[in-house]
Amino acid sequence: LCSDTKTASTASGTFVIVGGGIAGVTCVEQLLSQIPSADVALITASPHIKAVTNYKQVSKTLEKFDVEERPSSVLEEKFPSLTVIHSAVKSLHTQAHSVETADGLVFGYEKLCICSGSRPKLLIYDNPYVLGIRDTDSAQAFQKCLSKAKRIVIVGNGGIALELVYEVEGCEVIWAVKDKAIGNTFFDAGAAEFLIPSLEADKTESTASCKRPRYTTEEPAPGASQTAEFGSALGPDWHEGIVFRGAEQVRWEICESPTLHLRLSSLSGQSWPVYIQLTNGKTFGCDFVVSATGVVPNTEPFLHGNNFELADDGGLQVDDHMMTTEPDVYAAGDVCTACWEHSPLWQQMRLWTQARQMGWYAGRCMAAYVLSEPIELDFCFELFSHITKFFNYKVMLNIYYVVLLGKFNGQGLGPNHELLVRCTKGQEYVKVVLSGGKMVGAVLIGETDLEETFENLILNQMDLTMYGEELLNPNIDIEDYFD
Ligand code: FAD
């Protein structure tokens, strides 16, 4: 260990978890609930921690919960053997089994779990006209820029872009999407079309009436470091209460382009501060560009001098025990890439749910090591399942969930699959993905009550060929039928 730095803890049997987001906090909670006396340090760059509340297991694999920003003292009060350190990890020395923080503290570990999350992938870095939204600070920076904006361009086709396009008010929005259908990460063209009318529908008052951001960061706790670039990612409902209000009338323009190549230039003498050129030949002037094109795992501080294998997406490769390729180093959440042989019905998506599941499972694996217990890959990795909502659909039409199961978008199936769709405009959208006569995925939007039945049909891989389109016949109580 560095002789000129203060060694805070080098005792053996210690665990260090890096990151106070959902993955890190869940990992800590799980580890300490199994081994209350474990010596655990949580090192996090953000002033608050993220806590899962109102957790509800909806079915075998579907879960829903709320996320709250909390002071770290809540966690320390609950677990007396936990120490929370508010500082950013600057370097990792896997051979010496220690991490060093920006404040020069060195922490020895026996087992380390990296849960440092990810940051937005920007079209261009360090450009004041290109914003990425990741945490409370960047959401507030966006809100500030928006208040003076007449026109913004949103680039990207994932969940964040979708929600932004819906939530931004009073400002012209150019939405640059790469794929033929909007929201391609989550939906096919049918689901997107089903959701599109709600872009024009009246919005509820709920967003505008709530003046405080839900994920607000109050004044940082004394001594807490303020490293905005290390903040926790926002999650479901991140936009709730943040009033995205621009200056002009709303006009939606969706630019479709098979491949997007974006070039930004600040041209003097032009009326807009920045111009963006799309590969479909169109150029738009705007006040700023919001880049919502995905995330990059936060691995930098941990790589130098070590031998981590990285996946193609830049994540730390982890095996079926959440172990990286460096001894005694685990990883969970957005920072890692699941490199075990996946169940054919599961895929990794950098989402809140998976951050919780991975953090929980990593905590269990670390505890299993201490307790010398064998451990098998958790059941939650058998089937991809996610509950979310888009376009405030819930509030507007009193429809509650968007449920995604398995290969809901035919991921990896090639042409070798068929779709069954049932859609009642403004009410529900049900899509089933079948492969070889078996259900392998589903999208359920609205109050369908089908999630449990479909989950079972996907998990048990029953041959459904004989039912054909009757599977989605609204006059058949399918839940009863397959009970
Ligand atoms: P994070 O929550 O990012 O936490 C990382 C933690 O590590 C933070 O506490 C950070 O301070 C700390 N950290 C980073 N570097 C260091 C370091 N060097 N030293 C010490 N600490 C460090 N998911 C959904 O499921 N549904 C949604 O609707 C949804 N909406 C989203 C909207 C936005 C705008 C964004 C950005 C993401 C959204 N996500 C959503 C994704 C979701 O937020 C992430 O998948 C999830 O937060 C990942 O959790 P995590 O614990 O891995 O990382």
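Everything discussed here concerns the structure shown above.
Rules of the game
Residues numbered from 1 in each chain as written. Predicted model: local features only at pLDDT ≥ 70, side-chain atom pairs only at ≥ 80, totals over all residues. Heavy atoms only, no water. Helix = DSSP H or I, 4+ residues; strand = E, 2+ residues; numbered from the N terminus. Core = buried A, V, L, I, M, F, W, Y, C linked by side-chain atoms within 4.5 Å. Buried < 20%, exposed > 50% of the residue type's maximum accessible area, 1.4 Å probe, protein only. Domains from an automatic or database assignment. Contact = heavy atoms within 4.5 Å. Salt bridge = Lys/Arg side-chain N within 4 Å of Asp/Glu carboxyl O. Pairing = 2+ DSSP bridges. Axes fitted to C-alpha atoms, helices over the stretch in contact; angles between N-to-C directions. Phe/Tyr/Trp six-rings, centres within 6.5 Å; stacked < 30°, edge-to-face > 60°. Polar contact = N/O pair within 3.5 Å; in protein donor to acceptor, adjacent residues only side chain to side chain.

Caption draft 1: Molecular detail of the environment of tyrosine 429. Within the fold, tyrosine 429 resides in strand S27 (residues 428–435). Measuring from C-alpha to C-alpha, the distance between tyrosine 429 and leucine 162 comes to 18 Å, with 267 residues separating the pair along the chain.

Caption draft 2: Structural context of the nonpolar core. Judged by nonpolar contacts, the single largest core of 72 residues is most densely connected at Ile17, Ile114 and Met322. The element contributing the most residues to this core is helix H9 (residues 352–370), with 9 residues. When residues are assigned to domains, this core turns out to be shared by domain 1 (14–118 + 296–381) and domain 3 (401–481), each giving three or more. When residues no more than four places from it in sequence are discounted, the contact partners of methionine 322 are Val329, Tyr330, Ala331, Ala332, Cys336, Trp340, Met358, Tyr361 and Ala362. The next biggest cluster of nonpolar side chains, apart from the first, holds 26 residues, and it includes Leu383, Ile387, Phe454 and Tyr467.

Caption draft 3: Spatial organisation of the pattern of salt bridges. In the structure shown here, the tally under the stated rule is 10 salt bridges. The salt bridge involving aspartate 328 is made with lysine 111; its shortest N-O contact spans 2.6 Å. Of this pair, aspartate 328 sits in the loop between strand S21 (316–318) and strand S22 (329–331) while lysine 111 sits in strand S10 (residues 111–114); the two residues are 217 residues apart in sequence, bridging distant segments of the chain. For lysine 111, a relative accessible area of 6% gives the class buried. With a closest N to O distance of 3.3 Å, arginine 119 and glutamate 300 form a salt bridge. Separated by 181 residues along the polypeptide, arginine 119 in strand S11 (residues 118–120) and glutamate 300 in helix H8 (residues 300–303) bring together distant segments of the chain. What makes arginine 119 partly exposed here is its relative accessible area of 24%. With relative accessibility at 46%, the residue glutamate 300 sits in the partly exposed group.

Caption draft 4: Representation of the sheet that holds S10 in the model. Strand order in the open sheet made by the 5 strands is S6-S3-S2-S10-S22, with parallel pairing throughout. Since the sheet does not close on itself, it has two edges, and those belong to strand S6 (82–86) and S22, each with one partner. Adjacent strand axes in the sheet meet at a mean angle of 20° when their direction is disregarded. In the sheet, strand S2 (residues 14–18) pairs with S10 via 4 bridges, with the strands oriented parallel. Each residue of the ladder has a partner; that of valine 18, found in S10, is isoleucine 114. Packing against the sheet, helix H1 (residues 22–34) makes contact with S2, strand S3 (39–44), S6 and S10, and its axis sits at approximately 160° to S2. Lying on the sheet, H9 is in contact with S2, S10 and S22; it crosses S10 at an angle near 175°.

Caption draft 5: The packing of aromatic side chains, seen in detail. This structure, assessed with the given rule, holds 7 aromatic pairs. Seen from their ring centres, phenylalanine 142 and phenylalanine 288 are 5.7 Å apart, and the 90° between their planes marks the pair as edge-to-face. Of this pair, phenylalanine 142 sits in helix H3 (residues 136–147) while phenylalanine 288 sits in strand S19 (residues 288–291); the two residues are 146 residues apart in sequence, bridging distant segments of the chain. With respect to burial, phenylalanine 142 and phenylalanine 288 carry one shared label: buried. Here tryptophan 340 and phenylalanine 381 contribute two aromatic rings whose centre-to-centre distance is 5.2 Å and whose plane-to-plane angle is 75°, an arrangement assigned as edge-to-face. Note that tryptophan 340 is positioned in the loop between strand S23 (336–338) and H9 and phenylalanine 381 in the loop between H9 and strand S24 (385–388), a separation of 41 residues in sequence. The two residues tryptophan 340 and phenylalanine 381 agree in class, both being buried.

Caption draft 6: Looking closely at the side chain of glutamine 30. Inspection of the secondary structure assignment puts glutamine 30 in helix H1. With relative accessibility at 13%, the residue glutamine 30 sits in the buried group. One polar contact links glutamine 30 to tryptophan 360, side chain to side chain, over a distance of 2.9 Å.

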